[in-house]
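Next come the chains, spelled out residue by residue.
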There are 2 protein chains.
Amino acid sequence: MAIKFEILHECKQTRARVGRLTTPHGVVNTPVFMPVGTQATVKAVPPRDLKEIGAEIILGNTYHLYLRPGHDLVEEAGGLHQFMNWDGSILTDSGGFQVFSLSSLNRISEEGVLFHSHIDGSRHFFSPERAIAIENALGADIIMAFDECTPYPCEHSYAKEAMERTHRWAMRSKQAHKRPDTQALFGIIQGSTYADLRQESAKFLVDLDFPGYGIGGLSTGEPKPLMYEMLEVTVPLIPKDKPRYLMGVGSPDCLMEGTIRGVDMFDCVLPTRVARNGTAFTSQGRVVIRNATYARDFSPLDPNCDCYACRNFTRAYLRHLIKAQEILAYQLLSIHNLRYLISIMQGLRQAILEDRTLEYVRSVLSSYDSEPYNL
Amino acid sequence: MAIKFEILHECKQTRARVGRLTTPHGVVNTPVFMPVGTQATVKAVPPRDLKEIGAEIILGNTYHLYLRPGHDLVEEAGGLHQFMNWDGSILTDSGGFQVFSLSSLNRISEEGVLFHSHIDGSRHFFSPERAIAIENALGADIIMAFDECTPYPCEHSYAKEAMERTHRWAMRSKQAHKRPDTQALFGIIQGSTYADLRQESAKFLVDLDFPGYGIGGLSTGEPKPLMYEMLEVTVPLIPKDKPRYLMGVGSPDCLMEGTIRGVDMFDCVLPTRVARNGTAFTSQGRVVIRNATYARDFSPLDPNCDCYACRNFTRAYLRHLIKAQEILAYQLLSIHNLRYLISIMQGLRQAILEDRTLEYVRSVLSSYDSEPYNL
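Everything numeric here is computed off the predicted structure, so don't read it as measured data.

Cut-offs and rules
Residues numbered from 1 in each chain as written. Chains lettered and ligands numbered in written order. Predicted model: local features only at pLDDT ≥ 70, side-chain atom pairs only at ≥ 80, totals over all residues. Heavy atoms only, no water. Pairing = 2+ DSSP bridges. Helix = DSSP H or I, 4+ residues; strand = E, 2+ residues; numbered from the N terminus. 1 Å grid on protein atoms, 1.4 Å probe; cavity = no way out; pocket = protein on both sides within 12 Å on 5 of 7 lines; lining within 4 Å. Points joined across faces, edges and corners; volume = space filled by probe spheres on them. Core = buried A, V, L, I, M, F, W, Y, C linked by side-chain atoms within 4.5 Å. Buried < 20%, exposed > 50% of the residue type's maximum accessible area, 1.4 Å probe, protein only. Contact = heavy atoms within 4.5 Å. Polar contact = N/O pair within 3.5 Å; in protein donor to acceptor, adjacent residues only side chain to side chain. Buried area = accessible area lost by both parts, 1.4 Å probe. Salt bridge = Lys/Arg side-chain N within 4 Å of Asp/Glu carboxyl O. Nonpolar A, V, L, I, M, F, W, Y, C, P; charged D, E, K, R; others polar. Least-squares fit on C-alpha atoms with pLDDT ≥ 70 in both. Axes fitted to C-alpha atoms, helices over the stretch in contact; angles between N-to-C directions. Parallel < 35°, antiparallel > 145°, perpendicular 65-115°, else oblique. Left-handed = near helix turned anticlockwise from the far one by under 90°. Disulfide = S-S within 2.5 Å. Phe/Tyr/Trp six-rings, centres within 6.5 Å; stacked < 30°, edge-to-face > 60°. Lys NZ or Arg CZ within 6 Å of the ring centre and 35° of its normal.

## Focus: the pairing of strand E3 (residues 26–30) of chain B
All names here are of chain B. As paired elements, strand E2 (residues 17–23) and E3 share five bridges and run antiparallel to each other. Bridged to Gly19 within E3 is Thr30. Taken together, E2 and the strand that follows it, E3, pair antiparallel across an intervening segment of two residues.

## Description of empty space enclosed by the protein
Residue and element names in this part refer to chain B. Within the structure shown, the criterion is met by three cavities of 30 Å³ or more. Empty space within the largest cavity amounts to approximately 60 Å³. Lining the largest cavity, in full, are Asn29, Pro31, Val32, Phe33, Gly54, Ala55, Glu56, Ile342, Met345 and Arg349. Looking at the lining of the largest cavity, the elements that each hand over two or more residues are strand E4 (32–35) and helix H14 (327–353).

## Side note on the nonpolar core
Among the nonpolar cores identified, the biggest contains 205 residues, and Leu50 and Ile344 of chain A together with Leu50 and Ile344 of chain B are the most heavily contacted of them. Excluding anything up to four places from it in sequence, Ile344 of chain A contacts Pro252, Met256, Tyr360, Val364 and Tyr368 of chain A.

## A short note on the side chain of Ser94 of chain A
Residue and element names in this part refer to chain A. Mapped onto the elements, Ser94 comes out in the loop between strand E6 (89–92) and helix H5 (96–101). Among the polar contacts made by the side chain of Ser94, one reaches the main-chain amide nitrogen of Gly96 at a distance of 3.2 Å. The residues contacting Ser94, other than those within four sequence positions of it, are Thr62, Phe126, Ala131, Glu135, Met144, Ala145, Phe146 and Asp147.

## Quick word on the interface of chain A and chain B
The figure often quoted for interface size is the accessible area lost as the parts come together. Between chain A and chain B, the contact holds 39 residues from the first and 39 residues from the second. Carbon and sulfur atoms supply 55% of the area that chain A and chain B bury against each other, a total of about 3,500 Å² over both sides. Taken together, the connections running from chain A to chain B amount to 10 salt bridges. One salt bridge in this structure joins Asp49 of chain A and Arg48 of chain B, with 2.1 Å as the shortest N-O distance. At the junction of chain A with chain B, the criterion picks out 22 residue pairs in polar contact (both at pLDDT 80 or more). Those elements that place two or more of their residues in the side of chain A that touches chain B are helix H1 (47–52), helix H3 (71–76), helix H4 (80–84), helix H12 (308–312), helix H13 (315–323) and helix H14 (327–353) of chain A. Partitioned by chemical class, the residues of the side of chain A that touches chain B number 22 nonpolar, six polar and 11 charged.

## Considering unusual backbone geometry
All names here are of chain B. Residue Pro31 follows Thr30 across a cis peptide bond; omega there is 0 degrees. Tracing the sequence through the fold places Pro31 in the loop between E3 and E4. Backbone geometry places Asn85, a non-glycine residue, at a positive phi of 55 degrees. The residue Asn85 is located in the loop between helix H4 (80–84) and strand E6 (89–92) in this model. One non-glycine residue, Asp209, lies in positive phi territory at about 55 degrees.

## Observations regarding the pairing of strand E9 (residues 123–126) of chain A
Residues and elements named next belong to chain A. Burial along E9 is one-sided: the residues His124 and Phe126 are buried and none of Arg123 and Phe125 is. Of the pairings in the sheet, the one linking strand E8 (residues 113–116) to E9 comprises four bridges and is antiparallel in character. Paired with His116 across the two strands is Arg123, which belongs to E9. What sits between the antiparallel neighbours E8 and E9 is a turn of six residues, in which Gly121 has the positive phi angle 80 degrees.

## Examining the relation of the copies chain A and chain B
Overlaying chain A with chain B gives an RMSD of 0.0 Å, the required rotation being 180 degrees about an axis along which the chain moves by 0.0 Å. Between the two chains, the operation in question is that of a two-fold axis. Among all C-alpha atoms of chain A, that of Ile327 of chain A lies closest to the rotation axis, at 3.7 Å. In this assembly, 100% of the residues forming the interface of chain A have copies in chain B that are likewise at the interface, indicating an isologous arrangement.

## Side note on the pattern of salt bridges
Close approach of charged atoms allows side chains of opposite charge to pair. With the rule as written, the count across this model stands at 52 salt bridges over all chains. In this structure, the salt-bridge partner of Glu200 of chain B is Lys160 of chain B, at a minimum N-O distance of 3.8 Å. With Glu200 of chain B in helix H8 (residues 195–207) and Lys160 of chain B in helix H7 (residues 156–176), the pair connects residues that are 40 residues apart, well separated along the chain. For Lys160 of chain B, a relative accessible area of 30% corresponds to the partly exposed category. Through salt bridges with shared partners, a single network forms among Arg48 of chain A together with Asp49, Glu52 and Arg311 of chain B.

## So, the packing of helix H6 (residues 128–138) of chain B against H7 of chain B
All names here are of chain B. Put simply, H6 and H7 touch, their axes get as near as 8 Å, and they point 40 degrees apart. Taken together, H6 and H7 sit at an angle that is classed as oblique. Read as a crossing pair, H6 and H7 show a hand that is right-handed. Each of Pro128, Glu129, Ile132 and Asn136 in H6 lies in contact with H7, whose residues at this interface are Trp169, Arg172, Ser173 and Ala176. Partitioning the contact of H6 with H7 into residue classes produces four nonpolar, two polar and two charged.

## Some words on the state of the cysteines
Residues and elements named next belong to chain B. One pass over the structure, following the stated rule, counts zero disulfides over all chains. In this model Cys149 remains outside any disulfide bridge; the closest cysteine sulfur is found in Cys154, 9.8 Å from its own. Its relative accessible area of 11% is what places Cys149 among the buried residues.

## Digging into the sheet that holds strand E4 (residues 32–35) of chain A
Residue and element names in this part refer to chain A. Spatially, the eight strands line up as an open sheet ordered E4-E14-E13-E12-E11-E10-E6-E5, and their pairing is parallel. Pairing within the sheet leaves two strands with one partner each, and these edge strands are E4 and strand E5 (57–60). Within the sheet, the average angular offset between the axes of one strand and its neighbour, ignoring direction, is 25 degrees. The sheet contact formed by E4 and strand E14 (residues 265–268) spans four bridges and is parallel. Of the residues in E14, the one forming a bridge with Val32 is Met265.

## Thoughts on the environment of Glu6 of chain B
All names here are of chain B. Topologically, Glu6 is positioned in strand E1 (residues 4–10). Along the backbone, Glu6 and Gln284 are 278 residues apart, and their C-alpha atoms lie at a distance of 34 Å. Discounting chain neighbours no more than four positions away, the residues touching Glu6 are Val18, Gly19, Arg20 and Thr22.

## What to know about H13 of chain A
Of all nine residues that make up H13 of chain A, eight are buried, and the element is covered over most of its length. Buried residues along H13 of chain A sit in contact with helix H11 (270–276), strand E16 (285–288) and H14 of chain A together with H4 of chain B. Trailing H13 of chain A by a residue or two, Gln325 of chain A shows a phi angle of about 55 degrees, which is positive.

## Points about the packing of helix H8 (residues 195–207) of chain A against helix H9 (residues 224–234) of chain A
All names here are of chain A. Two elements in contact, H8 and H9, have axes whose closest approach is 9 Å; the angle formed by their N-to-C orientations is 40 degrees. In this view, H8 runs oblique relative to H9, as classed from their interaxial angle. As for how H8 packs across H9, the hand of that crossing is right-handed. Contact residues: H8 offers Ala195, Arg198, Gln199 and Ala202, while H9 offers Met230, Val233 and Thr234. Among the residues forming the contact of H8 with H9, the class breakdown is four nonpolar, two polar and one charged.

## A word on the packing of aromatic side chains
Each aromatic ring pair is summarised here by two numbers: the centre-to-centre distance and the angle between the ring planes. Scanning the model with the defined rule gives 18 aromatic pairs over all chains in all. Seen in terms of ring centroids, Tyr317 of chain A and Phe83 of chain B are 5.0 Å apart; in terms of plane orientation they differ by 85 degrees. Their pairing is edge-to-face. Here Tyr317 of chain A is found in helix H13, whereas its partner Phe83 of chain B is found in helix H4 on a different chain. An identical accessibility class is assigned to Tyr317 of chain A and Phe83 of chain B; each is buried. The lysine or arginine in question, Lys51 of chain A, covers the ring of Trp86 of chain A, its NZ or CZ lying 4.7 Å from the ring centre.

What follows is the structure, given as structure tokens:
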């Protein structure tokens, strides 16, 4: 087995639990937020900074790495860990989401998906077998089955059709997986926003006995309460001893709402994407640092944060950097936003251990003096 | 006196010397290369990385900081050191060079220069008094007199006229300087590529007894031998106990050629600018990392370099980052290029102390297997 997952404590108030996920590259304390390193780099954040802010596992995108620099090149470099010099754990997605959202002119068949590169328009074909072969070459500690991710909203009939295809692709993904001893393959539960489909999908995939489960196709535009409802009907069907990964979710409120519904793992490009746009997540709420109100604000971005940006620079300086389009702005805000989410997860873990999860969540949410993170 | 300059050793082979320049923010070992932090940041390089690569003094651009965020704001922040969180030494130029090269529609009079901002076209006026007031507000350890920087080529008659105006502006700059106890004001020797003017300018400014001297208006397109000739006629006229600063020069060969002609300080945007373009300075010569030849080169960028980029990443990875336009590429290549120039200066200092300066220069130049740095 590539991974080991132990539950250290189950919250007495909620479905939240604290776990320890051990991969060939070390221990990941859950619930965990995983920074996204799409193209073999978490944008603007070197590995040493990721370590400093407490990242234990990051994500790589199979679709992007396949197109550039190519999974064969990454394999030749010794795998993704070595290529990007990250010695912590890595999870790769299967490319399913990107094939459907980023590429153009895709044609779906039972066999797989024909798509055109978003970089140069070249034609490519992903099947479950192909996606897993690429993920095997990349060498992440956790890899994801190839799935069809439906957009929101989606008719029940199509959601069912796509889910059933995803199930067949999950079996083929499992069959194709060449390195189960060093890479854990997770199945992905689909079913759009339909409770019956989510439950059917969870049951089907649980029967296939994957070492962990992704919950995919959420955070695609549906209202947050609907996402939470889907978690509530899905999570209880996943065996307790398997990690549950809510894919593509990373706003502070969703991390907390997901955790209390039993989710162990999250990832999202949000913290680094909004950072490059000049928006910070802070313990006081969202800070749009470009705003004139911060021009002469010589206080730290977040007085409660211990990151390099908050320890060393002022809001006035960060605003100047953003206005002047200086690269250092993107570095500092990315470090901070990731650190903020990782701190929230650390706080959650501590609160779960002490059975005061709800108090922690309420306290974090109530300290936001601006709108919550509807980003 | 704001600064103290001691000569520790004079080379027996050349005019090179090893010195120790002490400013209110610490010791600067000379000859020194100063990274340029135009807009209150060395592009893509946080202060902690500057420290790690051995930077002791950096440069700030008065023109840019005046326009954005404004010198008054920087002063309110506690000065440039505090604003950008750099506790080492800082030198600011006077804006003279940028007013003539970056802004548009400038009109020169005896009083000063009327120019339009390159950012928003707004009208501004710099006089020696104004430039020095701005530099006083920024609070750098070393500030430069306001000068007129002529382009190359330049007629003798205009070069003489501009030089004489620069001399009058130097006197006014000195007169206007409000903080001589904490900021050392350097005069700037002009005279284009004319030996008689350079000598006249050096003599005039030396009579004004500045604590240090800039040699300006070079590296503006003239052949390198002509620049070296200008150094040879100028440097001997500057008192030995004063630091000599060759402005805007930073290719590896010019740093060495300048040092053996008695220059103590250099600055240039070159290492960080070419880095963002994917070009590295290395001990083996110039490496254009974008080239396909590096696609599967899993060796470090420079096997003789101790920087974070060379210790941790391969050429193949750096090439991938540049091709994918990842910010991390700009960070890593900027760190490396600065480290390379700072290493050359460390090597030069050691060689000067051991009276083997020429051997060192020859050995560095002969190890380049590609064209030298005609950038």
